[in-house]
Amino acid sequence: MGQILVTGAAGFIGSHTTDRLLAEGHTVLGVDNFRSGHRRNLAGALTQSRFRLAEADVAGAGVLDRLVAEFRPEAIIHLAALVSVQESIRDPELNHRLNVTATERVAAAALAHGVQRIVFASSAAIYGDTADLPIREETAKAPISPYGEAKLRSEDILLGLAPRGVTVRCHRYFNVFGPRQDPASPYSGVISIFERRYREGRGVTIYGDGRQTRDFISVHDVARANVIAAVQPGITPGAANICTGRATSLLDIVAIFARHYPQAPAPRFEPARAGDIIHSLGSAARAEVELGFTARVSVADGLAELIRVS
Ligand code: UD1
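Remember, it's a predicted structure, so these values are computed and weren't measured experimentally.

The rules behind each value
Residues numbered from 1 in each chain as written. Predicted model: local features only at pLDDT ≥ 70, side-chain atom pairs only at ≥ 80, totals over all residues. Heavy atoms only, no water. Pairing = 2+ DSSP bridges. Helix = DSSP H or I, 4+ residues; strand = E, 2+ residues; numbered from the N terminus. Axes fitted to C-alpha atoms, helices over the stretch in contact; angles between N-to-C directions. Contact = heavy atoms within 4.5 Å. Buried < 20%, exposed > 50% of the residue type's maximum accessible area, 1.4 Å probe, protein only.

### Quick word on the sheet that holds strand 1 (residues 3–7)
Sheets are built from strands paired through backbone hydrogen bonds, the pairs being either parallel or antiparallel. Strands sit in the order 3-2-1-4-5-6-11 across an open sheet of seven strands; the sheet is parallel. Pairing within the sheet leaves two strands with one partner each, and these edge strands are strand 3 (51–55) and strand 11 (238–242). Strand-to-strand twist across the sheet, computed as the mean angle between neighbouring axes with direction ignored, equals 20°. Of the strand pairs in this sheet, strand 5 (residues 117–123) and strand 6 (residues 167–173) are connected by seven bridges, and their pairing is parallel. The residue of strand 6 that forms the bridge with isoleucine 118 is valine 168. Contacting strand 1, strand 2 (27–32), strand 3, strand 4 (75–78) and strand 6, helix 1 (residues 12–23) crosses the sheet at an angle of about 170° to strand 1. Relative to the sheet, helix 7 (residues 219–231) contacts strand 1, strand 4, strand 5, strand 6 and strand 11, its axis offset from that of strand 5 by approximately 150°.

### Digging into the environment of leucine 22
Here leucine 22 shows up in helix 1. Assessed through its relative accessible area of 2%, leucine 22 is described here as buried. Separated by 28 residues in the primary sequence, leucine 22 and arginine 50 place their C-alpha atoms 7.1 Å from one another. Filtering out sequence-adjacent residues up to four positions away, leucine 22 remains in contact with Val28, Ala45, Gln48, Arg50 and Phe51.

Here it is in structure tokens:
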């Protein structure tokens, strides 16, 4: 069983990844500054002796170096990030610090202390708005936000470590959903917003005609992909989409919620948001070949679970 360091461990994806590592018997050092993560997300992990939590800013000079020197992980799963595209537009410097400088710290600490693997939270945002669907990894990279640019730059930094013996896997997540996703902002993931509104008996708002589609992937599948990439022997370095390869429209999502909340008010329709893309869909083929990873949780099952636990 391995020693794995998880940055952003108290976040949405980080906490599920931590839970899965612990369930598989690994020892985990979680690092989080609680900027967007929450201690409550680690309630289960904190009861386990194989888990330790460090409250620290991974972008800070020397911070990660000290933690890696002491913990000696075989792998780092780097999920700490500024997660909001809108915030990256408002504050590009903060975006750079949290999404690029932090990655440089991960790379330097890995090299200095012989970490064998890095798994990195990249994003479909590196592709920008492309009409060439499904998006395959070879598709041109044309990010349209500082967030997407920083994720692409981070991939380059980390994949550049290959000649120095570090196996890096970059995971280009599509639209991740599931328990612990924060619905706080109007720009939070649509499923987290809809779940809360249905639970509170309020109607949802659909921007556009609802026929826009996304490749929604359960956070449980994402956590499983992260763990595979961190611990499975014989993984080759590289980048792959982490997606389902299936398109689901907002009307499909609303229909599923309506089955669980038959009394809910009908959705309100408002004009599409500026800059909104109509369709996003990934090709799941490369992750299957390179990681042996295929998403298992359907949107209907994922929503049923989300509704049950929320
Ligand atoms: C994602 C990012 C967004 C970014 C965009 C750039 C997240 C959560 N969102 O958006 O910040 O600008 O990529 O490509 O990472 N919607 C509604 N009602 C709501 C909320 C959303 O109809 O209450 C719609 C949106 O207008 C959109 C769809 O739902 O058409 C999905 O929205 P969202 O979950 O934000 O995902 P992306 O559009 O992929």
